Structures are given as C-alpha cells and as structure tokens.
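Architecture and fold: a report
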Amino acid sequence: MSEQAGSARRKFRSHVLVEGILIAVLAVYLMLARGQVVGDDLTFTVIGAGLMALVTYWTLNTLRDALEVMAVRGRRLKH
C-alpha cells in the first residue's frame, strides 16, 4: 500500500512541475500576444490555441492525480 501512495505522490509532484512550466510558457505567450490581433497571424493564433488546450488538458490531468493521492491517503487512514 505504501508503494502505491509513494508512486501516486511522485507522479503528482512531477505533474505539478510540468504544470508550472506550461503556465509560465503560456504567460510568456500572452505577453508576446499583447499587441497582436486575433487571427491576424494565423500561425501565432493556432500556436496559442494549442498551448491553451494543452494547459487545460494538463491541469485536468493534474487534478485527477491530486484526487488519486487523496484517495490513497483516505484508504490508508481507514485501515
């Protein structure tokens, strides 16, 4: 049981690290996009849309991992 808890925690920590990096990249993109008109440069817009979709997907994945860590802890407390 403790192996499962450790594995879930390690996975969650690595996902939080990637989450932070993705949010930093998105912040840089938004600063660069400040002067751009949406759709003016199609490539820039597509990159931004893809980046926002990736950050959204990764955030949901990280939240799932957080719930998994809490479930493992809750299971451990019951026993």
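Residues numbered from 1 in each chain as written. Predicted model: local features only at pLDDT ≥ 70, side-chain atom pairs only at ≥ 80, totals over all residues. Heavy atoms only, no water.

Here we take up the overall build of the protein. Counting its secondary structure elements, the protein contains two helices and zero strands. The C-alpha atoms of the protein give 18 Å as radius of gyration, which overshoots the globular expectation for 79 residues (12 Å, by more than 25%). For the protein, the residues scored as buried account for 25% of the 79 residues in total. Residue pairs in contact within the protein that sit at least 24 positions apart in sequence constitute 76% of those at least 6 positions apart. With the model as given, the accessible surface of the protein reaches about 5900 Å², and the carbon-plus-sulfur share is 68%. Put simply, the protein has 10 plus and 6 minus side-chain charges, and the middle of one group is 16 Å from the middle of the other. (Helix = DSSP H or I, 4+ residues; strand = E, 2+ residues; numbered from the N terminus. Rg over C-alpha atoms; globule rule 2.2 N^0.38 Å. Buried < 20%, exposed > 50% of the residue type's maximum accessible area, 1.4 Å probe, protein only. Contact = heavy atoms within 4.5 Å. Areas by Shrake-Rupley, 256 points an atom, 1.4 Å probe, with all protein chains shown as cover. Lys, Arg positive; Asp, Glu negative; His and termini not counted. Charge placed at Lys NZ, Arg CZ, Asp CG, Glu CD.)

Summed over the entire model, instances satisfying the criterion amount to three salt bridges. Of the charged contacts, one joins E68 and K11 as a salt bridge, the two residues approaching to 3.4 Å between their closest N and O atoms. You can see E68 sitting in helix α2 (residues 42–78) and its partner K11 sitting in helix α1 (residues 2–32), a full 57 residues away along the chain. On the basis of relative accessibility, which here comes to 29%, the residue E68 falls in the partly exposed class. Its salt-bridge partner being D65, residue R64 comes within 3.5 Å of it at the nearest N-O pair. Judged by relative accessible area, D65 falls into the buried class, the value being 0%. (Salt bridge = Lys/Arg side-chain N within 4 Å of Asp/Glu carboxyl O.)

For the rest of this paragraph, the subject is the side chain of E19. By the secondary structure assignment, E19 is in helix α1. No salt bridge is formed by the buried E19; its nearest oppositely charged neighbour, R64, is found at 11 Å. Discounting residues that sit within four places of it in the chain, E19 has contacts with V55, W58, T59 and T62.

Moving on, we get to the environment of G50. Structurally, G50 is set in helix α2. Separated by 31 residues in sequence, G50 and E19 have C-alpha atoms that sit 15 Å apart.

On to the side chain of T62, then. Within the secondary structure layout, T62 lies in helix α2. Filtering out sequence-adjacent residues up to four positions away, T62 remains in contact with F12, H15, V16 and E19.

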